[in-house]
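The residues making up each chain are set out below.
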Amino acid sequence: MKGVIAKRERVARARRVQHLLATVETARAQNEAQVLEDNARRVSSVRAELYATGKFTMGAQLAAHRELAGRLEQAGRQLDGAIYDAHKRVEQRETELRLANRDKEIAERLKDKAARSHAEQMEARLQSLPRYRRTASLGDV
């Protein structure tokens, strides 16, 4: 019975590690999504500030600003796709985290159940001994 308890404890430790890894991966994915969202906000604010600088005196300046605005707009669209993919990864990691948490809880319950079963079995063995042996095995002699 002790072998079963040891096996369940090993499984429970492995499940805890899996849960911790899933937690780290979820946090990493959330951080990546947050960074991409911050970058998208910065790109949009730079594009908005591009024409707020004042009047243009030369056509070359206007053309340069329009080209930069176009590139910033393209970068913003690319970031939108990356943000969408990052949110999908976050959802996937959160699902993996929930599954790892469930597996960890199941392993803990099985370990506790095996320990209780072992304790009950030992108690039943002790109770089945004659009274004089029971006191000797308990150290009351």
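Each value, and the rule that gives it
Residues numbered from 1 in each chain as written. Predicted model: local features only at pLDDT ≥ 70, side-chain atom pairs only at ≥ 80, totals over all residues. Heavy atoms only, no water. Helix = DSSP H or I, 4+ residues; strand = E, 2+ residues; numbered from the N terminus. Buried < 20%, exposed > 50% of the residue type's maximum accessible area, 1.4 Å probe, protein only. Polar contact = N/O pair within 3.5 Å; in protein donor to acceptor, adjacent residues only side chain to side chain. Contact = heavy atoms within 4.5 Å. Salt bridge = Lys/Arg side-chain N within 4 Å of Asp/Glu carboxyl O. Axes fitted to C-alpha atoms, helices over the stretch in contact; angles between N-to-C directions. Parallel < 35°, antiparallel > 145°, perpendicular 65-115°, else oblique. Left-handed = near helix turned anticlockwise from the far one by under 90°. Nonpolar A, V, L, I, M, F, W, Y, C, P; charged D, E, K, R; others polar. Core = buried A, V, L, I, M, F, W, Y, C linked by side-chain atoms within 4.5 Å. Expected span 1.5 Å × (residues − 1).

Caption draft 1: Structural detail: the side chain of Thr26. Residue placement: Thr26 occurs in helix H1 (residues 2–50). We classify Thr26 as buried; its relative accessible area is 4%. At 2.8 Å, the side chain of Thr26 and the backbone oxygen of Ala22 are in polar contact. In this structure, Thr26 is in contact with Arg93, Glu94 and Leu97, ignoring residues within four places of it in sequence.

Caption draft 2: Inspection of the pattern of salt bridges at higher detail. What the rule picks out here adds up to 9 salt bridges. The partner of Asp38 in a salt bridge is Arg41, and the shortest N-O contact between them spans 2.3 Å. Here the residue Asp38 and the residue Arg41 both occupy positions in helix H1, the gap between them amounting to 3 residues, near one helical turn. Across the salt bridge formed by Asp103 and Arg102, the nearest N and O atoms sit 3.4 Å from each other. A relative accessible area of 44% places Arg102 in the partly exposed class. One continuous salt-bridge network, built from bridges that share partners, spans Arg16, Glu108 and Lys111.

Caption draft 3: View of the packing of H1 against helix H2 (residues 59–128). It is at 6 Å that the axes of H1 and H2 come closest, and there the two elements cross at 165 degrees. It follows that H1 is roughly antiparallel to H2 by the angle criterion. Crossing hand, H1 versus H2: left-handed. Classifying every residue of the contact of H1 with H2 by side-chain character gives 26 nonpolar, 11 polar and 18 charged.

Caption draft 4: The environment of Ser117, seen in detail. Assignment of secondary structure puts Ser117 in helix H2. Separated by 112 residues in sequence, Ser117 and Ile5 have C-alpha atoms that sit 9.6 Å apart.

Caption draft 5: Focus on the side chain of His19. Counting through the fold element by element, His19 comes out in helix H1. Setting aside its immediate chain neighbours within four residues, His19 contacts Leu97, Ala100, Asn101 and Lys104.

Caption draft 6: Inspection of the nonpolar core at higher detail. Ranked by size, the top nonpolar core spans 10 residues in total: Ala29, Ala33, Leu36, Ala40, Val43, Leu72, Leu79, Ile83, Ala86 and Val90. Those elements giving two or more residues to this core turn out to be H1 and H2.

Caption draft 7: Molecular detail of H1. The end-to-end C-alpha separation of H1 is 72 Å, in line with the 72 Å expected for 49 residues at 1.5 Å each. When we look at burial in H1, the residues that qualify are Ile5, Ala12, His19, Ala22, Thr26, Ala29, Ala33, Leu36, Ala40, Val43 and Leu50. Structurally, H1 contributes buried residues whose contacts are with H2.

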